[in-house]
Each structure stands twice: as structure tokens, then as C-alpha cells.
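Tertiary structure, described
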Amino acid sequence: MSFNPLAERGIPLAKQLRSWSELNVEPYRTEDVHPYTRCRVIVMNGIEVESIMFSHQFARNTPDVELKQRLALVRRIEQQQQKAVNWLLPGEKQENAVEITIGYEQVAVDLTAWLARNEPDPYLRQCYEFGLLEDFDHLYRYANLMDLMGNGRRAREITGDYTEITPGRPTIFEHRDPRDDLRRPMTKVAAHRQSILNAMTLVSSEQQTMNYYMNFGNRPTEPLARALYLEIAEIEEQHVTHYESLLDPEQGWATNWLQHENHECWLYWSFMQTEVDPRIRAIWELHLNMEIEHLQIAARFVEESEGVDPASLIAPYDRAMTFEENKTYLRQLVEWQVDLTAWDSEFLPVDQLPEGHRYFDYQATVNRGGAPSEEVIRQHRERFGEEYRLETDGPHPVVSLREEDGGAKLGYERNMRAKHPQGAAQTIDAEPTPALAI
């Protein structure tokens, strides 16, 4: 059954303000929370943060005092929504920051996989698949770090068996010249309504991951943990550049506001359909009813300021975003796309880049002395005699990326040579990485 937020009745704005005790919600219990409930909490926190920051930017770019007041009133409620959602995450003693990080990367994998599988535009789908294989590898790196840190839990206890933990596109090869992270933007006129929702979801969620690593990455005391967060945090910035460049740059502020409110409605509506925790489902339902009113406030502003019918910009929802297993899909992607990189707005195997391409200069600079993402795997093998992997559906789909074949970095290089014998990949022979002991 479709859902049209423009036709629904929400909670009047004057009745949406909540007290501190209402906002200071009880966090979920880490020992029995469903992995995808954690994912939904992490996603909605990022969605609310993006909406709040957009509203601030809109307010800074208009002289209209009445509009500033409207934005401030809605934004204050969304601040409260963000606090209620974010406070569902338990404190450090129940779920430490590295454990939360595993949750962030599971979000990045299964959220992006669903969006890619449900993306009507072939170019946008390719963009999502490209980023997906990089986040897939990050989950594997952080899982090995968590094991090294020895806090008593392993990544599987957080992800369950829903998401495999195994190499994707090795992080060391993800570092690209910034000019090669820009993509072709969609246009408001041509874009499918689902495409707009998909792109906004990825911008918001990757931005939240970027912000989290920017602020948390220097908190660990272990040198290797700090080093790994530093390296992957920069990839997350690349991903924000990658995804935000897909948005229509000519869309006006008013329409953008409407799209943000519609985006929040869609995800709260989606998560209400599948949430298994009744208490948290009630929060999604409450926030949806609040967002319906926010959407209609923005819709009235679009009509007043631009004379545009809001119904021409957004459509009823007939497809809910769901967290679900994507193992078969991911295995196919790893097999066929692991060796891709980017040149301007297009994707191609690394070994098809011309000699002297800026990719190789960038790689030589940032990977000089080695990469923490490789060091964490080396140290795990040295300490435990093997890597930490969770391959529930059999050995790695790429033979050369299996653990016994030398690990992800060597396997990646061998895989490119096997798939593209016409040209050997230009790889960086880094100096030995100094020990970064935990």
C-alpha cells in the first residue's frame, strides 16, 4: 500500500516540543538488540543531522526573517528528534566506540546494497556499487582491529550472520586524486523520485560516518587504532564527495528543503514497517507524524515562494527501505568490480589507467611508508595466525583474495593481472611499515 505524506495529518508543530525526560530515552540493550535495529538507529541519526545542518545553511543564505523563524521552529524539533534517536545508542561501558564503528560499517554495506539494488538509473547504481565495495572492505579492517584490541567481543556478535566480513576493494587502493571522486549529477527534471531519495540517503549516512570518524578517530590511545581511523576517515570524505556530486546542483533552496523533509518521512515510514523492537518502532511512528507536519510546512513555502505544486516534486511511497541480507549480491560485485577505480566521472580497471596517471602519484604520496589498513591485517595474522573473517557462504568468491593465497593486497594485484592480462597494474612498492603495536 502506498503512503502519501502530503495527504496525511501530522502532529501540529505547537504540540511537538518534548521535555528533557522524554528525550533522555532508554538505550537499547547491546546484548539483545537486533543488528538491524542498531543500523536503523545509526541511519536516522545521520538523516536528522543532515536535515539540521541543511536548515542552518538555508537560514544563513536568506534575508527573509519570517522564513528564518519557520526554519528555526522546525529545526528545534528536529534537534530534539536527533537527540532522542542518538540517545538510543548505549554508553561506552555497554558498547564502545569501536563496536559502534562496526555498526556504522554494517550500515554502509547493507544500506548501500539495498539502494543499489533498488536504483532505477544504471549510472547511479554503478556509483553505489563502487562505493559499496570500499565500505565492505572497511568492515573487514575494523573487525580485525576490534579483535586485536581484545575487548571481549568479536564483530560477529554485533553484525550477526547477516553481513559477511571479508575483503572488498582493499582500502590501500581506494585512495584517489580528489578530482576523480566527482560524478555526473542527476537533474530534477529527469531523475526518478526513488533516485533522489536514494542519493540523499547515501549523502546523509556517509556524511555522518565521516563526521563520526573526524571527531572520534583521535580518541583511542592505541597507535594502530588511531592510524586506521585516520586512513579510513579520509576515504569517508571521498565518499561524501562522490555521493553529493550526484545531487542536482541547480535545485533551489525551497525545493531542497521540501526534499529533505520528504526524505525524513520516507525513512521513518520505511523503518516503521520492519522494526522488531516495539519501543523503538513507537519512536519511528512518533517522528513520522512530526515529519509529516514539517513536510507540509515546507510544501506551503514552496507554493508561496515558487508557485510550484509540491505534488509535482514528490510522489507517494510504494517501496520501503529495508535492511536485509545482501550476501549473494555482494559476492557477485566483489568478483566483477573489485579492481575498478575512477577517472573523472567514469569507472575502469586500475590497469587500464595510462602510465603516469594522477592516481599513481596520489597513491605514492599517501601510501609512502605503508598503510594502516594493511598493518592491522598483518598484526592480526602475526598474533593469531590468521585474519578475522566471517565467510558464512563459503570461501571468498575471488580465489586470489582468499586468506591462504597471500591476503587482500597481493590478491587484488593478482586478480587484476588475471582479469586484464593485456596490461599489468602499476602498484606501489611501499617501504616496510613500522610496527604500530596495540
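Residues numbered from 1 in each chain as written. Predicted model: local features only at pLDDT ≥ 70, side-chain atom pairs only at ≥ 80, totals over all residues. Heavy atoms only, no water.

Turning next to the overall build of the chain. The number of helices and strands found in the chain is 14 helices and two strands. Here the C-alpha atoms of the chain give a radius of gyration of 22 Å, agreeing with the 22 Å that 2.2 N^0.38 yields for 438 residues. Reported as C-alpha extents along the three principal axes, the dimensions of the chain are approximately 60 × 45 × 40 Å. When burial is assessed residue by residue, the chain has 60% of its 438 residues classed as buried. Here the chain displays about 18000 Å² of accessible surface, and carbon together with sulfur accounts for 51% of that area. Both charge centroids of the chain, one from 45 positive and one from 72 negative side chains, sit 2 Å from each other. (Helix = DSSP H or I, 4+ residues; strand = E, 2+ residues; numbered from the N terminus. Rg over C-alpha atoms; globule rule 2.2 N^0.38 Å. Buried < 20%, exposed > 50% of the residue type's maximum accessible area, 1.4 Å probe, protein only. Areas by Shrake-Rupley, 256 points an atom, 1.4 Å probe, with all protein chains shown as cover. Lys, Arg positive; Asp, Glu negative; His and termini not counted. Charge placed at Lys NZ, Arg CZ, Asp CG, Glu CD.)

Structurally, Gln259 can be placed in helix α9 (residues 253–274). Residues in contact with Gln259, not counting those within four places in the same chain, are Ile196, Met200, Gln251, Leu313 and Ile314. (Contact = heavy atoms within 4.5 Å.)

In the predicted model, the chain carries a mean pLDDT of 93, and the fraction of residues at 70 or more is 92%. Low pLDDT, under 50, characterises residues 420–438; the predicted model gives this stretch 46 contacts beyond four residues in sequence or across chains. (pLDDT = per-residue confidence, 0-100.)

Here the focus is the packing of helix α5 (residues 122–149) against helix α11 (residues 327–337). The geometry of α5 relative to α11 is characterised by a closest axis approach of 10 Å and an angle of 95 degrees between their N-to-C directions. Considering their axes alone, α5 and α11 lie roughly perpendicular with respect to each other. Seen from α5, the contacting residues are Arg125, Gln126, Glu129, Phe130, Leu132, Leu133 and Phe136; seen from α11, they are Tyr329, Leu330, Leu333, Val334 and Gln337. (Axes fitted to C-alpha atoms, helices over the stretch in contact; angles between N-to-C directions. Parallel < 35°, antiparallel > 145°, perpendicular 65-115°, else oblique.)

What follows is about the side chain of His260. Inspection of the secondary structure assignment puts His260 in helix α9. Only 2.8 Å separates the side chain of His260 from the backbone oxygen of Asn256, close enough to count as a polar contact. The residues contacting His260, other than those within four sequence positions of it, are Glu50, Ser51, Phe54 and Met200. (Polar contact = N/O pair within 3.5 Å; in protein donor to acceptor, adjacent residues only side chain to side chain.)

Turning next to the layout of surface pockets. By volume, the largest pocket is sized at about 510 Å³. Glu50, Phe54, Leu247, Asn256 and His260 are the residues nearest the centre of the largest pocket, which is lined by 21 residues in total. Mapped onto the lining of the largest pocket, the elements with two or more residues apiece are α2 (35–60), α7 (193–216) and α9. A per-element tally of the lining of the largest pocket places α7 first, with five residues. The residue inventory of the lining of the largest pocket, partitioned by class, reads nine nonpolar, eight polar and four charged. (1 Å grid on protein atoms, 1.4 Å probe; cavity = no way out; pocket = protein on both sides within 12 Å on 5 of 7 lines; lining within 4 Å. Points joined across faces, edges and corners; volume = space filled by probe spheres on them. Nonpolar A, V, L, I, M, F, W, Y, C, P; charged D, E, K, R; others polar.)

This paragraph deals with the nonpolar core. Ranked by size, the top nonpolar core spans 111 residues in total, and within it Tyr128, Trp257, Trp266 and Trp284 carry the most contacts. The dominant element in this core, judged by the number of residues it contributes, is α5, at 15 residues. Not counting chain neighbours up to four residues away, the residues in contact with Trp266 comprise Trp114, Leu115, Gln194, Leu197, Asn198, Thr201, Tyr317, Arg319, Ala320 and Met321. Core analysis: the second largest hydrophobic core is formed by eight residues, Leu348, Tyr359, Phe360 and Ala371 among them. (Core = buried A, V, L, I, M, F, W, Y, C linked by side-chain atoms within 4.5 Å.)

Taken N-terminus to C-terminus, the directions of α2 and helix α10 (residues 278–306) make an angle of 25 degrees; their axes are 13 Å apart at the nearest point. The pairing of α2 with α10 is recorded here as roughly parallel in orientation. Here α2 and α10 pass one another in a crossing that is left-handed. Along the contact surface, α2 presents Thr37, Arg40, Val41, Met44, Glu48 and Phe58, while α10 presents Ile280, Trp284, Glu291 and Phe301. Within the contact of α2 with α10, the residues separate by chemical class into six nonpolar, one polar and three charged. (Left-handed = near helix turned anticlockwise from the far one by under 90°.)

Across all of its chains, the model carries 26 aromatic pairs by this definition. By way of ring pairs, the aromatic residues Tyr36, Tyr162, Tyr268, Phe271, Trp284 and Phe323 are connected into one cluster. The aromatic ring of Tyr123 is capped on one face by Arg184, whose charged end is 3.7 Å from the ring centroid. (Phe/Tyr/Trp six-rings, centres within 6.5 Å; stacked < 30°, edge-to-face > 60°. Lys NZ or Arg CZ within 6 Å of the ring centre and 35° of its normal.)

Another point: the pairing of strand β1 (residues 340–343). Two elements, β1 and strand β2 (residues 346–349), share four bridges in a ladder whose sense is antiparallel. Among the inter-strand pairings, Thr341 is bridged to a residue of β2, identified as Leu348. Between β1 and β2, which pair antiparallel one after the other, the connecting turn spans two residues, and Asp344 there sits at a positive phi close to 55 degrees. (Pairing = 2+ DSSP bridges.)

Glancing now at unusual backbone geometry. You will see that Asp344, though not glycine, has its phi angle at about 55 degrees, which is positive. By the element assignment, Asp344 lies in the loop between β1 and β2.

Along the chain, Trp253 turns up in helix α9. Distance in space between the C-alpha atoms of Trp253 and Phe54 is 9.4 Å, their sequence separation being 199 residues. With sequence-adjacent residues up to four places away left out, Trp253 is seen in contact with Phe54, Gln57, Phe58 and Asn61.

Here the focus is α10. In a regular helix each residue adds 1.5 Å, so 29 residues correspond to 42 Å; α10 covers 41 Å between its end C-alpha atoms and thus fits that length. For α10, the capping residue at the N-terminal end is Asp277, with a side-chain oxygen 3.0 Å from the backbone nitrogen of Arg279. Directly after α10, the chain includes Gly307, whose backbone phi takes a positive value near 65 degrees. (Expected span 1.5 Å × (residues − 1).)

Bringing the pattern of salt bridges into the picture now. Summed over the entire model, instances satisfying the criterion amount to 28 salt bridges. The partner of Glu157 in a salt bridge is Arg153, and the shortest N-O contact between them spans 3.9 Å. The exposure class assigned to Arg153 is buried, which follows from its relative accessible area of 16%. (Salt bridge = Lys/Arg side-chain N within 4 Å of Asp/Glu carboxyl O.)

Turning next to the environment of Gly356. Looking at the element boundaries, Gly356 is found in the loop between β2 and α12 (358–366). Overall, Gly356 belongs to the exposed group, its relative accessible area being 58%. Sequence separation of Gly356 and Leu115 is 241 residues, and the distance between their C-alpha atoms is 35 Å.

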